[in-house]
Amino acid sequence: MRPHQKARISARWLLTTVGAWAMVALSLGHAGAEEAKGGKLIIGIDETASEYWSEYMQGVKDIGDSLGKEPVVLTSNYQGDQLLAQLGATYATGCNQCALATDPSSNAFVKAVVNRYAKAKVHVVTIWNRPENIHPWDTDPKYWVAHTSFDGVMSGYYQGMALCKALNGKGKIAAIQGVPSTPPAFQRIAGLKKALKECPGLELVDTQVGEWQETKAQNITRTWMARYGDQLQGIFASNDAMGRGAVAALKEKGLNGKVLVTGSDGSNIGLEMVKSGDMLATVWNDPVLQGAVSMSLAYAAAIGDIDPEKLTHAQRDFYIKQDVVTKDNVDKYLEMKKNAPKYTYADIKKDFWKDSAGQIPEGANDNK
């Protein structure tokens, strides 16, 4: 599961979006036409019913539009075996010069998914999930082009320091974690702990698992309000959906804006709550950019514009830039949400790593 998993959108928007992307899937029947122009563009996502995945797909579609291609969309519903089955069906008749950008759903399926790609000679870029002990340069290195994500440790650190600053370095806070086995979840808690070392006056009184879900976070916050009352001054939520759940519980007690809440992902929900003062801060991740970069890298390798085995480690396993968002700069990011750049392969190709925040450090994906 991803941090953005439960950032749900309106039913009307969802029906429109799912309908549009269902039409995209019909492109599977036109493999010959696509391959004649250099191969299909394929993406593997966790679900269609979230703001994050809709925006990620938009970035991929931008690249497809610039190449005259319609991406094929495979949806795993957070089930790695379901993704593997769809991949097998897609590649059953061969896939010449195909490019794939995908989330393998969890660390447990990364190696199996990568091996499946390599056997089909499909070039792939993975996102979010990668076990600590395998990398693109040591596992099917010809076809596993790259892995990219956002720095969860830095995200958690940004949130923790925002709370420290707003509380003048002193107070009781509690944390709501995502699914503990996923890198974004344990990294964000690690980032919070890093901030606490720099801000010893902050006391972390409890950490509960919200599994990225708004309703679970709301119930957790209700329990905290009953237990701690006005002693609790801040809530660290590992994503914006859980931040929204915390805010909803605080509103029931008239405490929204008084008990400070942080989130992450820079969703519309999160940005609007920062704007209104219901949330102190969120962390901006750009899924449109992530979709454009990951698809472009896979396509570049598929058609020979880059040779994966000649790339450096930092070019094959890297974070994408992110930023902390507070009331001081939220308008900038709300505007970026409304008017996201339309990416083209030609523009991304000029410098695939322009928005890299550097190589993913050793040990970052090891949950200790």
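It should be noted that the structure appears before, not after, this text.
Draft legend 1. Highlighting the pairing of strand β1 (residues 41-45). With respect to burial, β1 is a largely interior element, five of its five residues being buried. Every second residue of β1 is oriented toward a common face, with Leu41, Ile43 and Ile45 on one face and Ile42 and Gly44 on the other, all of them buried. In this structure, β1 lies alongside strand β3 (residues 99-102), joined through four bridges in parallel fashion. Paired with Gly44 across the strands is Thr102, a residue of β3. By the bridge criterion, four bridges tie β1 to strand β2 (residues 72-75) in an arrangement that is parallel. By the bridge assignment, Ile45 is partnered in β2 with Thr75.

Draft legend 2. Layout of the nonpolar core. Core analysis: the biggest nonpolar cluster contains 39 residues, and Ile43, Tyr56, Met295, Leu297, Ile306 and Phe352 have the highest contact counts within it. Only β1, α3 (51-67), β3, β4 (123-127), β5 (144-149), α11 (287-303), β11 (317-320) and α14 (345-350) provide two or more residues apiece to this core. For this core, the element with the most residues is α11, which contributes eleven residues. What Leu297 contacts, discounting residues up to four positions off in sequence, is Val125, Val145, Ala146, Ile306, Phe318, Phe352 and Trp353.

Draft legend 3. A look at the layout of surface pockets. For the second largest pocket, the calculated volume is near 310 Å³. Looking at the second largest pocket, it is lined by 20 residues, and the ones nearest its centre are Asp286, Leu289, Tyr343, Lys354 and Asp355. Of all the secondary structure elements, the ones that give two or more residues to the lining of the second largest pocket are α11, α13 (330-338) and α14. Take the lining of the second largest pocket: its biggest share by element is three residues, from α13.

Draft legend 4. Geometry of helix α8 (residues 214-228). When the terminal C-alpha atoms of α8 are compared, their 21 Å separation across 15 residues agrees well with the 21 Å that a helix rising 1.5 Å per residue should span. Among all positions of α8, only Ala217, Gln218, Ile220, Thr221, Trp224, Met225 and Tyr228 are buried. Along the long axis of α8, the arc covered by the buried residues comes to 165°, so they all point the same way. Turned more than 90 degrees away from the buried face of α8, the exposed residues are Thr215 and Ala226. Looking at the packing, one finds that the buried side of α8 touches β6 (171-177), β7 (202-209), β8 (232-237) and α9 (240-252). Positioned one or two residues after α8, Gly229 has a phi angle of 55°, which is positive.

Draft legend 5. Representation of the packing of aromatic side chains in the model. The final tally for this structure, using the stated rule, is nine aromatic pairs. For the pair Tyr299 and Tyr345, a centre-to-centre distance of 5.0 Å together with 85° between the ring planes defines the contact as edge-to-face. Of this pair, Tyr299 sits in helix α11 while Tyr345 sits in helix α14, and the two are 46 residues apart along the sequence. A relative accessible area of 6% means that Tyr345 is categorised as buried. Considering the side-chain rings of Tyr345 and Phe352, the 6.4 Å spacing of their centres and the 50° angle between planes classify their relative orientation as tilted. Phe352 carries the same exposure label as Tyr345, and that label is buried. Put simply, the rings of Tyr52, Trp53, Tyr56, Trp128 and Phe150 pair up and form one aromatic cluster. Taking the ring centre of Tyr157 as reference, the NZ or CZ of Lys194 above it sits at 4.9 Å.

Draft legend 6. Up close: the packing of α3 against α11. Packing of α3 against α11 brings their axes to within 7 Å, and their N-to-C directions diverge by 45°. Relative to α11, α3 is oriented oblique. Helix-helix and strand crossings are classified by hand; for α3 and α11 the assignment is right-handed. On α11, the residues touching Tyr52, Glu55, Tyr56, Gly59, Val60, Asp62, Ile63 and Leu67 of α3 are Pro287, Val288, Gln290, Gly291, Ala292, Ser294, Met295, Ser296 and Tyr299. A per-class count over the contact of α3 with α11 returns ten nonpolar, five polar and two charged.

Draft legend 7. Fine view of the side chain of Ser267. Along the chain, Ser267 falls in the loop between β9 (260-262) and α10 (268-276). The class of Ser267 is buried, set by a relative accessible area of 7%. A polar side-chain atom of Ser267 sits 3.0 Å from the main-chain amide nitrogen of Gly270. Other than its neighbours up to four places away in sequence, Ser267 contacts Glu51, Asp240 and Lys337.

Cut-off values and rules
Residues numbered from 1 in each chain as written. Predicted model: local features only at pLDDT ≥ 70, side-chain atom pairs only at ≥ 80, totals over all residues. Heavy atoms only, no water. Buried < 20%, exposed > 50% of the residue type's maximum accessible area, 1.4 Å probe, protein only. Helix = DSSP H or I, 4+ residues; strand = E, 2+ residues; numbered from the N terminus. Pairing = 2+ DSSP bridges. Core = buried A, V, L, I, M, F, W, Y, C linked by side-chain atoms within 4.5 Å. Contact = heavy atoms within 4.5 Å. 1 Å grid on protein atoms, 1.4 Å probe; cavity = no way out; pocket = protein on both sides within 12 Å on 5 of 7 lines; lining within 4 Å. Points joined across faces, edges and corners; volume = space filled by probe spheres on them. Expected span 1.5 Å × (residues − 1). Arc of directions from axis to C-beta. Phe/Tyr/Trp six-rings, centres within 6.5 Å; stacked < 30°, edge-to-face > 60°. Lys NZ or Arg CZ within 6 Å of the ring centre and 35° of its normal. Axes fitted to C-alpha atoms, helices over the stretch in contact; angles between N-to-C directions. Parallel < 35°, antiparallel > 145°, perpendicular 65-115°, else oblique. Left-handed = near helix turned anticlockwise from the far one by under 90°. Nonpolar A, V, L, I, M, F, W, Y, C, P; charged D, E, K, R; others polar. Polar contact = N/O pair within 3.5 Å; in protein donor to acceptor, adjacent residues only side chain to side chain.

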